[in-house]
Amino acid sequence: MSFLDQDEKVLELAEKIELVYSPIADAKDFPENVDITLVEGAVGNEEQLDLLKKIRKNTKILVAFGDCAVHGNVTALRNCLNNGSEKVLERAYVENTTFNKTIPTQTPRLLRKALALNEVVKVDFYLPGCPPSADLINYVLNELLEGRTPILEDKFKYG
Amino acid sequence: MVSEIVINPVTRIEGHGKITIYLDENGTVREARFHVTDFRGFEKICEGRPFYEMPGITSRICGICPVSHLLASAKACDELVAVEIPRAAELLRRLMHMGQIIQSHALSFFYLSSPDFLLGMDSKPSKRNILGLLEKYPEIAKQGVWLRKFGQKIIETLSGRRIHSSDWIVPGGVRTPLSREGAEKILADIPKALETALNAVELFRKTMDSFKSEMKDFGDFPTYYMSLVTKDGGLEHYDGKIRILSPEGKVVADQLNPSKYFEYIGEAVEEWSYMKFPYLKSIGYPEGAYRVGPLARLNNVSHCRTKVADELLKEFKKLGRNGIVQNTFMYHYARLIEIVFCIEKARELLEDPEILDTNTQAKASLNRREAVGVVEAPRGTLFHHYKVDEQGRIVWVNLIIATVNNNIAFNKAVTQVAKKYVEGKRLSEGILNRVEAVVRALDPCLSCATHAIGEMPMKIQLYDHSGKLLDEAARG
């Protein structure tokens, strides 16, 4: 959403890029030979783990986008619980349920811990913030598109 | 030989989901399912945190409607400390809520759904998005971007940031008052906002005419409806009591206490989805299916309480039988009418002199051990229920998220559209897009729904009756 908070600047950006895979576009498979991918969210389940590996394989520059991707953030709170992945499921689908108390099984399995991206793959750039500000997103993307290294010092904050 | 078609991931929605279409021996559709495939577990991970952190933590459930979570959570916290918040604080919270509904509805209509009806259900998938819209209809795309920005700017003016304003909405009220300049800045944009929203209404009316023949199988079915309403049955998003409407359009329950939701709403689980299935306890599962959100709210109310929106509501109600509109496609229309309402309401709030009052927070410590906070989020009724220990640490949480209330309806809707369009074993891309489009009309927020991670797109699979995978939608 913060990406869209660039407002009219998204439209300017549109002239410089080809959008090949995104929640707001209709591609179903992650394509090959992608220049830049922004990956948000921590890695919480097996499906995401596979997708992230595929993204890494097919992408030149991978950016960890937002605090969850950078260090796990709120998503990783479950890592503080002993057996966290089982306990969160138990609470939602057994304790807080009135009919057919059962943990879904035909769904992607949760990983034992929620992982930051760099615990799984090599990350080229980190864009912190919850969410990163629209100005910062715009700056980083434009620098990367110009082939420069974005300097984040004094420009960002966590949270 | 049963077959199954899988659409994975479903795109242009918020969150990660897929659709499976099951076929019988003759290759006709038996059933379709909408699965949500991710889960984070907020109901457990918040345990041990001080209650006053809850607005900040739970607003991270979602980047589209964080204000809803902030409000529901802060209302629960107001209850825990047992204070009545200052009137200025309530006005300011309401104003931020209006800003959020405007931006969320504008996102749903312009960014996510309008490419389907403006560019066409069968148009090229690589262009069927907001950027494709910008190429073909730059004026409409720019209006959409501007309207969303208008909503976000209300939030930013109040709290200093657009997403996760969690240090502004706090237990007991809001952290800082609104400046006169801030109020005037928002007021100055209201005429343009209203004009833009009314243009969108006009645009949608034209779309409706060209979409008439497809519309009758676009998730048109009876269900119950639930929403908050005012004492006299008017449109309400921040406070109010619960009303439930029968599939025939009769009020079957009214002015129910939202804090006692567990007396009338049950939650069921199916093994194939992380999204739970709430139902009306008195009717049972799954017959007690109900819908929430813009369509439910407009069906439930007798009036909106603002001038232009009330005129639109009258026209809207004529589209249904007994004054209730059951077609899922009409969620779009209801959403646009709500945008108009929110803009008018924002002006009304800003014209109240008390909104500039500088007393905006009542301070108190823990006085209760259990509380429920409820609001109408853009997508429907949102419940936050907390229990705390004697030191105010969270010991138990239950959340019923707006989108989740619609879960049975999602499955009915995709089944109806699939039955109409899917035949045999091979699918065209445009057909699958129609199945997705009905999901988009209900505007799910799946990160919210299962308190799941991030925003990722969604997938359709076609299986035959023996469980053999026949086809999978893979665009790109």
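In this report, we go over the structure that sits alongside the text. (Residues numbered from 1 in each chain as written. Chains lettered and ligands numbered in written order. Predicted model: local features only at pLDDT ≥ 70, side-chain atom pairs only at ≥ 80, totals over all residues.)

### Comments concerning the overall build of chain B
Under the convention used in this document: Helix and strand assignments come from DSSP, with helices taken as H or I runs of at least 4 residues and strands as E runs of at least 2, each series counted from the N terminus. Between the two quantities, the radius of gyration covers C-alpha atoms and the globule rule is 2.2 Å times the number of residues to the power 0.38. Residues with at least 20 neighbouring C-beta atoms inside 10 Å of their own are called buried, those with 12 or fewer are called exposed, and the rest are partly exposed, where every C-beta is derived from the backbone. A pair of residues counts as a contact when their C-beta atoms, built from backbone coordinates, are within 7 Å of each other.
Across its full length, chain B holds 16 helices and 16 strands. Taking 476 residues into account, the globule formula puts the C-alpha radius of gyration at 23 Å, and chain B, at 22 Å, falls close to it. Burial status across chain B gives 60% buried among its 476 residues. In chain B, once contacts between residues fewer than 6 apart in sequence are set aside, the share between residues at least 24 apart is 74%.

### Quick look at the overall build of chain A
Along the backbone of chain A there are 5 helices and 5 strands. For chain A, the N- to C-terminal ordering of α and β elements is α-β-β-α-β-α-α-β-β-α. The C-alpha extent of chain A, read off along each of the three principal axes, is 55 × 35 × 30 Å. Counting every position in chain A, which comprises 159 residues, the buried fraction comes to 41%. Contacts spanning at least 24 positions in sequence make up 73% of the contacts within chain A whose residues lie at least 6 apart.

### Examining helix α15 (residues 429-442) of chain B
Residue and element names in this part refer to chain B. Cut-off, in case you're wondering: The length a helix should cover is 1.5 Å for every residue beyond the first.
Under the 1.5 Å per step criterion, the end-to-end length of α15 is 21 Å for 14 residues, consistent within 8% with the ideal 20 Å. For α15, the set of buried residues is Ile431, Leu432, Asn433, Arg434, Val435, Glu436, Ala437, Val438, Val439, Arg440, Ala441 and Leu442. Asp443 sits one or two positions beyond α15 and adopts a positive phi of about 50°.

### Side note on the nonpolar core
Nonpolar side chains in soluble globular proteins tend to be buried together. Residue and element names in this part refer to chain B. So the rule is basically this: By definition, a nonpolar core groups buried Ala, Val, Leu, Ile, Met, Phe, Trp, Tyr and Cys residues that are joined through C-beta atoms within 7 Å.
Ranked by internal contacts, the top residues of the largest apolar core, which has 186 residues, are Leu92, Leu95, Ile337 and Val414. If you tally residues by element for this core, the top one is helix α4 (residues 87-119), at 15 residues. Setting aside residues up to four positions removed in sequence, Leu92 forms contacts with Leu158, Val174, Leu178, Ile355 and Thr360.

### Structural notes on helix α14 (residues 407-421) of chain B
Helix length check: α14 of chain B, at 15 residues, gives a terminal C-alpha distance of 22 Å against a target of 21 Å (1.5 Å per residue), a fit within 8%. Of all 15 residues that make up α14 of chain B, 13 are buried, and the element is covered over most of its length.

### Here we look at the sheet that holds strand β5 (residues 125-127) of chain A
All names here are of chain A. Quick reminder of the rule: Only strands joined by at least two bridges in the DSSP assignment are considered to pair. Whenever a helix is involved, its axis is fitted only over the stretch in contact; in every case the axis is a line through C-alpha atoms, and angles between N-to-C directions fall within 0 to 180 degrees.
Strand order in the open sheet made by the 3 strands is β1-β3-β5, with parallel pairing throughout. Both outer strands of the open sheet, β1 (34-40) and β5, are each paired with one neighbouring strand and no more. Looking at each pair of strands side by side, their axes are set apart by 25° on average, direction ignored. Pairing between β1 and strand β3 (residues 59-65): 6 bridges, direction parallel. Paired with Thr37 across the two strands is Leu62, which belongs to β3. Along the sheet, helix α2 (residues 46-58) contacts β1 and β3; its crossing angle with β3, the most-contacted strand, is approximately 135°.

### A look at the packing of helix α11 (residues 307-317) of chain B against helix α12 (residues 330-350) of chain B
Residue and element names in this part refer to chain B. What counts here: Angle categories: roughly parallel below 35 degrees, roughly antiparallel above 145, roughly perpendicular from 65 to 115, and oblique for all the rest. It is the rotation of the near helix from the far one that decides the hand of a crossing: anticlockwise by less than a right angle makes it left-handed, clockwise makes it right-handed.
It is the contact of α11 with α12, at a shortest axis distance of 8 Å, that shows an interaxial angle of 160°. One way to sum up the angle between α11 and α12 is to call them roughly antiparallel. Pair α11 / α12 crosses with left-handed handedness. Together, Lys307, Val308, Ala309, Leu312, Leu313 and Phe316 of α11 and Tyr333, Ala334, Ile337, Val340, Phe341 and Glu344 of α12 make up the contact between the two elements.

### Points about the interface of chain A and chain B
Counted only if it meets this: Amino acids outside the nonpolar list (Ala, Val, Leu, Ile, Met, Phe, Trp, Tyr, Cys, Pro) and the charged list (Asp, Glu, Lys, Arg) are all regarded as polar, and Gly is one of them.
Chain A puts 50 residues into the contact, and the matching count from chain B is 52 residues. Elements that contribute at least two residues to the side of chain A that touches chain B include exactly α1 (8-14), β2 (43-45) and α4 (84-95) of chain A. Per-element accounting of the side of chain A that touches chain B gives the leading share, 5 residues, to α4 of chain A. Its residues assigned to classes, the side of chain A that touches chain B comprises 25 nonpolar, 13 polar and 12 charged.

### Digging into the environment of Val201 of chain B
Residue and element names in this part refer to chain B. Note on placement: Val201 falls in helix α7 (residues 180-210). Judged by the 17 C-beta atoms lying within 10 Å of it, Val201 is partly exposed. In this structure the C-alpha to C-alpha distance between Val201 and Glu31, which are 170 residues apart in sequence, comes to 34 Å. For Val201, the residues in contact, after removing those within four places along its chain, are Leu312, Leu336 and Val340.

### Points about unusual backbone geometry
Along the chain, Cys130 of chain A connects to Pro131 of chain A via a cis peptide bond; the corresponding omega equals -5°. By the secondary structure assignment, Pro131 of chain A is in the loop between β5 and α5 (134-145). Of note, the bond from Tyr285 of chain B into Pro286 of chain B is cis; its omega dihedral lies within 30 degrees of zero at 0°. Here Pro286 of chain B shows up in the loop between β10 (277-280) and β11 (290-291). In this structure, Asn83 of chain A takes a positive phi of about 60° despite not being glycine. Tracing the sequence through the fold places Asn83 of chain A in the loop between α3 (67-71) and α4. Its identity as a non-glycine residue notwithstanding, Gln255 of chain B has a phi of 55°, on the positive side.

### Here we look at the pairing of β10 of chain B
Residues and elements named next belong to chain B. Where burial is concerned, the two faces of β10 agree: the one with Phe277 and Tyr279 and the one with Pro278 and Leu280 are both buried. Pairing between strand β9 (residues 265-268) and β10: 4 bridges, direction antiparallel. Within β10, the residue paired with Ile265 across the bridge is Leu280.

### Regarding the packing of α7 of chain B against α12 of chain B
All names here are of chain B. At a closest axis distance of 9 Å, the pairing of α7 and α12 adopts a crossing angle of 160°. On the basis of their axis angle, the class for α7 and α12 is roughly antiparallel. Of the two possible hands of crossing, α7 and α12 adopt the one that is left-handed. Taking contact as the criterion, the partners of Ala183, Ile186, Leu187, Ile190, Ala193, Leu194, Ala197, Leu198, Ala200, Val201 and Phe204 in α7 are, on α12, His332, Tyr333, Leu336, Ile339, Val340, Ile343, Ala346, Arg347 and Leu350. Within the contact of α7 with α12, the residues separate by chemical class into 18 nonpolar, 1 polar and 1 charged.

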